[in-house]
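Descriptive structure summary
Here are the chains, one letter per residue:
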Amino acid sequence: MAFQKQDYSVTKLLIRRLYHPLRTLLFFTVFLTALNYSWSQELPSSNTPIPIKEEPKPEEEKKLKVNAEDLIKPQDSTKQDSTATEKKPFLEYKLVSKANRKRIDRRNNIITLYENAIIEYGDTKLEAGKIVIDNNTGDVFAYGIVNDSTQAYEQKPVFTQGTNVVEPDSIIFNKDSKKALTYNSRTTQGEFNVFAETTKKVNDSVFYMKRARFTTSSNPDNPEYYFLAQKIKFVPKKKIVTGLVNMWIADVPTPIGLPFAYFPMTEERKSGVIVPSFGNNVNQGYFLQNGGYYFAINDYVDLTVLGDYFTNGSYGFRVESSYAKRYSFNGNFRFSYENQVQSERGFSDFRKSTIYNINWQHSQDPKANPDSRFSASVNLGSSRFYSNSFNQINQAATLNNNFSSSINYSKTFQGEPQVNFNIGVTHSQLVQTGEVTMNLPNFQGSVSRVFPFAPKFGAKKGIIENINLQYNVRAENRITTTDEDFLSDRMFEGAQSGVRHTIPVATNFKVGPFSVSANANYEETWVFQTTKTTAVINDQGLATTEIDTLSGFDSYRTYRYGASVGTTIYGLWENSNKKGKYQAIRHTIRLIFRIRQILVLINITIVF
């Protein structure tokens, strides 16, 4: 009963709240309507102001002071974050695609390119026979195609990013993360040719390879040797780091191996070991060639030492150096020596010989010193070097029949008069005969024309003031020898030396209508070996000649002089017929008379 009473009371209250009596509605209607016509009464002011309490200024407002000079100073625009409002585009670069055929699957958002397909995205370029682009994941798949007739795998992918070029059999590439996975890829980095079964590209600077082989052979498809590594970390243009690496020669593994290896690949010059090449020669047997060490001495000069060794005992070595200084000079030097052994000791065709060659090239920048210049071009050595060398790279040099060299230094002393001199060394060698001719050295000097009696100011007049002279000197030491005697004591036997001085003197003047010029030339020759020819009359009255070669200083002189007189006659013929075809003819006649005389002073001895 208690529960029922409580439920009744609740129900009754709800009914009363939903019921609105009429008097209540009338009250609200009158109250709201009367608001428009009501007035209010203001209370009188007490004239007591309420004090305003000042709040303390924040610390930032106290420190804020703006000066007029601060408004003039330029603002740093880089402090503004411009990237906060810019939205990154959907594609950072423009995606360009080309192919003979295209297939677009709009439902799956996949694009397929067939035959000679090319995709370019920024600095990345992909070429292949078939390319599949999945725009949902950003993955790009590239494969080659199989020729229906030949069943050959053609149009293999070629992946290029910047300067790095990779040629795999297939590739998976993500255009957003730029990560890639390639199979049977090949690439060239510096002097290394790298082949890998699987390559994973993490970013632009790190590659991981599995079962990779790398070599410096000139024939990367069939190298004479290579290094095989199971795992490689490859950083382009910087280094190659490997785990266990083993050397293979002619596809045969060798016991030569390392637990790990580091190969620098920087473009900067660094000292290091040069790995030799392996091969076989019919005459010398198996060999290791072009192995040695490279010395990066400094930025101006380097040095390379290379060696060759053959199983029959032959060997050779080379020293090469290159040098350069910007705006001054540059050149290179190479010395080669080979000890050659043919066949085996005890056989009839056994032969042992040595050959060598010296090559030097040097040039000077013309702007380095206009008044002084040095140049060199040297190629000398054994006459049969290029034909018999077992390490000959320049095959065209085997056709040379002559070796020639020259070294020159010239100097000019500016002034009045100007002095020039030149010192040179020349060399000529015949390959067939082995004859060597050298000028060691040649000297030439000259003093420019001088007018000793000319006035300091004004024109030169008369026979005396026009007198001028020059001075020239030439010295030569000529050596003729053979290839076997070259650089030996017998080399200087039969050398011929001499010096010649020349002083030309000239003047000119006028005598009436005639122009007169006179010249004289004085030559004096110094020799250090003379030939004495003696005419001997025997008892029968017959004259015979005896020729003796004398060593020692001697000289002879030659005088030349001459003169010329000339004049010019001008004439003019005028036609009296004013209507004729020719009105006048002007003619010029030049008359020149020359006299020359040569006088040679020599010693002639006749013995009775």
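Note that the coordinates shown come from a computational prediction; the quantities given were computed from them, not determined experimentally.

Conventions used here
Residues numbered from 1 in each chain as written. Predicted model: local features only at pLDDT ≥ 70, side-chain atom pairs only at ≥ 80, totals over all residues. Heavy atoms only, no water. Helix = DSSP H or I, 4+ residues; strand = E, 2+ residues; numbered from the N terminus. Areas by Shrake-Rupley, 256 points an atom, 1.4 Å probe, with all protein chains shown as cover. Core = buried A, V, L, I, M, F, W, Y, C linked by side-chain atoms within 4.5 Å. Buried < 20%, exposed > 50% of the residue type's maximum accessible area, 1.4 Å probe, protein only. Salt bridge = Lys/Arg side-chain N within 4 Å of Asp/Glu carboxyl O. Phe/Tyr/Trp six-rings, centres within 6.5 Å; stacked < 30°, edge-to-face > 60°. Lys NZ or Arg CZ within 6 Å of the ring centre and 35° of its normal. pLDDT = per-residue confidence, 0-100. Contact = heavy atoms within 4.5 Å. Polar contact = N/O pair within 3.5 Å; in protein donor to acceptor, adjacent residues only side chain to side chain. Pairing = 2+ DSSP bridges. Patch = residues over 30% accessible without salt bridge, like charges linked within 9 Å, V, L, I, M, F, W, Y side chains within 5 Å.

Considering the overall build of the protein chain
Summing up its helical and strand segments, the protein chain has six helices and 35 strands in all. Roughly 43,700 Å² of accessible area belongs to the protein chain as shown, and the carbon and sulfur atoms make up 56% of that amount.

Let's talk about the nonpolar core
Across soluble globular proteins, nonpolar side chains have a tendency to be buried as a group. M209, F214, I232, F234 and I240 are the most contacted members of the largest nonpolar core, which totals 19 residues. Sorting the residues of this core by element identifies strand 12 (192–203), strand 13 (206–215), strand 14 (225–235), strand 16 (245–249) and strand 18 (261–264) as the ones contributing at least two each.

Brief notes about unusual backbone geometry
Going from E416 to P417, the amide bond is cis rather than trans, its omega being 5°. Within the element layout of this structure, P417 appears in the loop between strand 27 (402–413) and strand 28 (419–430). Cis rather than trans, the peptide bond between L440 and P441 has omega equal to -5°. At R211, a residue that is not glycine, the phi angle is positive and equals roughly 50°. Relative to the helices and strands, R211 is located in strand 13. Overall, R211 belongs to the partly exposed group, its relative accessible area being 32%.

As for the pattern of salt bridges
Within the structure shown, the criterion is met by eight salt bridges. A salt bridge links R557 to E524; the shortest N-O distance between them is 3.7 Å. Of the two residues, R557 sits in strand 33 (residues 543–574) while E524 sits in strand 32 (residues 514–537), which places them 33 residues apart along the sequence. A relative accessible area of 15% places E524 in the buried class.

Comments concerning the packing of aromatic side chains
Per the counting criterion, the structure on display carries 20 aromatic pairs. Judged by centre distance (6.1 Å) and plane angle (90°), the rings of Y225 and F227 are edge-to-face. F227 carries the same exposure label as Y225, and that label is buried. The ring centre of F195 lies 4.6 Å from the NZ or CZ of R213, which sits over that ring. Across the ring face of F413, the terminal group of K411 is positioned such that the distance to the ring centre comes to 5.7 Å.

What to know about the confidence of the model for the protein chain
Taken residue by residue, the protein chain gives an average pLDDT of 78. The fraction at 70 or more is 81%. Predicted confidence for residues 603–608 stays below pLDDT 50, and this span has eight contacts to residues more than four positions away or in other chains.

Notes on the side chain of Q340
Positionally, Q340 belongs in strand 24 (residues 329–342). Within the local environment of Q340, its side chain forms a polar contact with the side chain of E338, the two groups lying 2.9 Å apart. Beyond its immediate chain neighbours, meaning those up to four positions away, Q340 contacts S314, R351, K352, S353, I355, N388, S389 and F390.

Thoughts on the side chain of S321
Mapped onto the elements of the fold, S321 is located in strand 23 (residues 315–325). Polar side-chain contacts of S321 include one of 2.7 Å to the backbone oxygen of D302. For S321, the contacting residues outside a window of four places in its chain are V301, D302, L303, G331, N332 and F333.

A few points about the pairing of strand 26 (residues 372–381)
Note: strand 25 (residues 351–364) against strand 26, six bridges, orientation antiparallel. Across the sheet, the residue bridging to H362 is A376, located in strand 26. Alignment of strand 26 against strand 27, held across six bridges, turns out to be antiparallel. For S375, the partnering residue across the bridge sits in strand 27 and is N408.

With respect to a nonpolar patch on the surface
Residues V511, F514, V565, I569, I589, L591 and F593 make up a contiguous nonpolar surface patch of roughly 580 Å² in combined accessible area. At the level of elements, strand 33 and strand 34 (584–601) are the ones that each hand at least two residues to the nonpolar patch. The greatest single-element share of the nonpolar patch, amounting to three residues, is contributed by strand 34. Inspection of the secondary structure assignment puts V511 in strand 31 (residues 496–511).

Notes on the pairing of strand 5 (residues 139–143)
Every second residue of strand 5 is oriented toward a common face, the buried set being V140 and A142 and the non-buried set D139, F141 and Y143. Here strand 4 (residues 124–134) pairs with strand 5 via five bridges, running antiparallel. In the sheet register, I133 faces strand 5, and the bridge partner there is V140. Connecting strand 4 to the next strand, strand 5, in antiparallel fashion are four residues, including G138 with a positive phi near 80°. Judged from the five bridges that link them, strand 5 and strand 10 (residues 170–174) form a sheet pairing that is antiparallel. Across the sheet, V140 pairs through a bridge with F173, a residue of strand 10.

Regarding the environment of R590
Within the fold, R590 resides in strand 34. Spatially, the C-alpha atoms of R590 and T567 are 5.8 Å apart, while their sequence positions differ by 23 residues. Not counting residues up to four positions away in its chain, the partners in contact with R590 are T567 and T568.

Digging into the environment of A520
Within the fold, A520 resides in strand 32. Residue classification places A520 among the partly exposed residues on the basis of a relative accessible area of 34%. The residues touching A520, leaving out its near neighbours within four places in the chain, are I503, P504, V505, R560 and Y561.

A few points about the environment of R326
With respect to the secondary-structure elements, R326 resides in the loop between strand 23 and strand 24. Here the alpha-carbon distance between R326 and D365, two residues 39 residues apart in the chain, equals 8.5 Å.

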